Every structure is written in structure tokens, then in C-alpha cells.
Amino acid sequence: MTEHSPTDTLVEQIEQRRRRIPFRYRHLAGFTLVCTYILMLLGAYTSAIGAGLSCPDWPTCYGTVVPFLHPEIVASAPYTAVQIFAEWAHRGLAMVTGLLILGTTLAAWRSHREHRLVVWSATLALGFLPVQVVLGGLTVTQSLRPAIVTSHLGVAILILLSLQTTTLAAWYDAREHQSPPQ
Ligand code: HEM
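Here the structure is a predicted model, which means the values were calculated and not measured.

**Some details on helix H5 (residues 146-177)**
- Look at H5: 47 Å from first C-alpha to last across 32 residues, which is about the 46 Å you get at 1.5 Å a residue.
- Within the sequence span of H5, burial applies to Ile148, Val155, Ala156, Ile159, Ser162, Leu163, Thr166, Thr167, Ala169, Ala170, Asp173 and Ala174.

Here is the structure:
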């Protein structure tokens, strides 16, 4: 199905395309926000079940990327499989969420360059990301030092707030650009 009629000028075609992008963008931003929220809940769960050090090294877990491929490692660890899984899954989801934050920011610069709040709030979230990854690593290597665990939670909240701003601003922008009903 072609979306352009042969009589459309190039400018009209570009404008139609530009209008479609914000529709997709706000869903990407919302999805990234939800993933970040779930990641934070998983982090809180990891902490609550005392699994913060169940992967004692970083960035690997017992010197391997997937400890569950080595049953002998899990069997001899001083933590349960559930504890190891929670910490390992938190790290894995952090990697996926990090890529989503990167994608959300790059897409903001591509499709919302003129909407400062969308672009800068997404960029802020991306700026916090490396800080959060380093704090996550230090959480483990510094054996859950209270100042580091607290900073890790604090930066997580800042990332969530930045992404919430991006998502709300993108939804507002899409509503503003909606064509009036014919
Ligand atoms: C965008 C990335 C990340 C976010 C948003 C995030 C968020 C969180 C949150 C909200 C908590 C719960 C804190 C609390 O209850 O006090 C947590 C716990 C934790 N996170 Fe992350 N995290 C991220 C990445 C990482 C990475 C890359 C690591 C690497 C090892 C990591 C390691 C941990 C550990 C070990 C805990 C448990 C701390 C404890 O036992 O008290 N996090 N995370």
C-alpha cells in the first residue's frame, strides 16, 4: 500500500513522514521508561533478598557471562540459584535498558530536534547512564558500601525522572501535531 499520491510534492511527502515519526517515537520513549521502572524494581528485589553480592565479580559473574551454563558454579556458590539469577538478570536488563536509552536519545535528536524538552531530557538520561553503570559495578566491588548503594538508587531515580519527562513531552508533541479530523 503506497502512502503518497503521485500529486504530492516532495515537501508534502517529507511533512507526512515527519508527522508519522513522533507517533512511533512516543511509544519508544514509553517502552524505555517502563523497562527502566522494571529494572529498578528488580534491583530493589535483588537488594531485598540479600543478593547484592551473589555475583561476586563484575562485569562477569563467577568469571563467566552466563553462570547457569556451568551448573557446578551455581551448586558450589554460597548463594541460592534464585539470588544469583536476580543479580544476573538485573545486570542483563540494565544492558538492554541502556541500549534502549541510547536509542531513545538518538531518535530524539533525529525526529524531535526542534522540541528541546524531548531532546534534552533524553540526553540527560543518557548522560546519567555511564555514571549509573560505574556505580552498579562499585556496588559489587566495594561490597555494598552504603554511600554507593544510596547513590545507585539516587541516580536511578534521576534517570527515571528524565525519561518520564521525555515520554510526556513526546506524547504532548504528538497531540499538538495531530491532523484535525476531516
Ligand atoms: C540503568 C541501569 C541501572 C539502574 C536503573 C539500576 C537500578 C537499581 C536500583 C533501583 C536498585 C535498588 C537499590 C535499593 O534498593 O537500594 C539496584 C540495586 C542493585 N544494582 Fe542496579 N541499576 C542499574 C545498573 C546496574 C549495573 C550495571 C549493576 C552492575 C553490577 C548493578 C548492580 C546492582 C546491585 C548489586 C544492586 C543490589 C544492591 C544491594 O544489594 O543493596 N546495577 N539497582
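Having seen the structure, we can now continue with the description.
**Details of the environment of valine 119**
- Here valine 119 lies in helix H4 (residues 116-141).
- We classify valine 119 as buried; its relative accessible area is 1%.
- A sequence separation of 10 residues divides valine 119 from tryptophan 109, and the C-alpha atoms of the two residues are 5.9 Å apart.
- Among residues more than four places away in sequence, those in contact with valine 119 are Ala108, Trp109, His112 and Arg113.

**Things to note about the coordination of the iron atom of the ligand**
- Coordination of the iron atom of the ligand by the protein comes from His90 (NE2) and His152 (NE2), over a distance range of 2.0 Å.
- For the iron atom of the ligand, the six donor atoms are set out with angles of 88 to 179 degrees between them, so the coordination reads as octahedral. One end of the pair, histidine 90, is in helix H3 (residues 81-111); the other, histidine 152, is in helix H5, with 62 residues separating them in the sequence.

**Section: the nonpolar core**
- Of all hydrophobic cores here, the largest spans nine residues; its members are Leu33, Ile101, Ala125, Leu129, Leu135, Ile148, Val155, Ile159 and Leu163.
- At the level of elements, H4 and H5 are the ones that each hand at least two residues to this core.
- For this core, the leading source of residues is H5, giving four residues.
- Non-local contacts of alanine 125, meaning those with residues more than four positions away in its chain, are made with Ile101, Ile159, Ser162 and Leu163.
- Grouped together as the second largest cluster of nonpolar side chains are eight residues, Ala29, Val118, Ala122 and Ala170 included.

**A closer look at the UniProt feature "transmembrane region" (unreviewed entry) in the chain**
- The sites that UniProt annotates as "transmembrane region" (unreviewed entry) are residues 28-49, 88-110, 117-140 and 152-172.
- Annotation note: span residues 28-49, helix share 95%, strand share 0%, distance between end C-alpha atoms 32 Å.

Thresholds, definitions, all that
- Residues numbered from 1 in each chain as written.
- Predicted model: local features only at pLDDT ≥ 70, side-chain atom pairs only at ≥ 80, totals over all residues.
- Heavy atoms only, no water.
- Helix = DSSP H or I, 4+ residues; strand = E, 2+ residues; numbered from the N terminus.
- Expected span 1.5 Å × (residues − 1).
- Buried < 20%, exposed > 50% of the residue type's maximum accessible area, 1.4 Å probe, protein only.
- Contact = heavy atoms within 4.5 Å.
- Donors = N, O, S within 2.8 Å, 3.2 Å for Na, K, Ca; no water.
- Tetrahedral: all angles 85-135°; square planar, octahedral: opposite > 155°, others 65-115°.
- Core = buried A, V, L, I, M, F, W, Y, C linked by side-chain atoms within 4.5 Å.
- UniProt positions renumbered as here; feature names shortened; annotations may be inferred.

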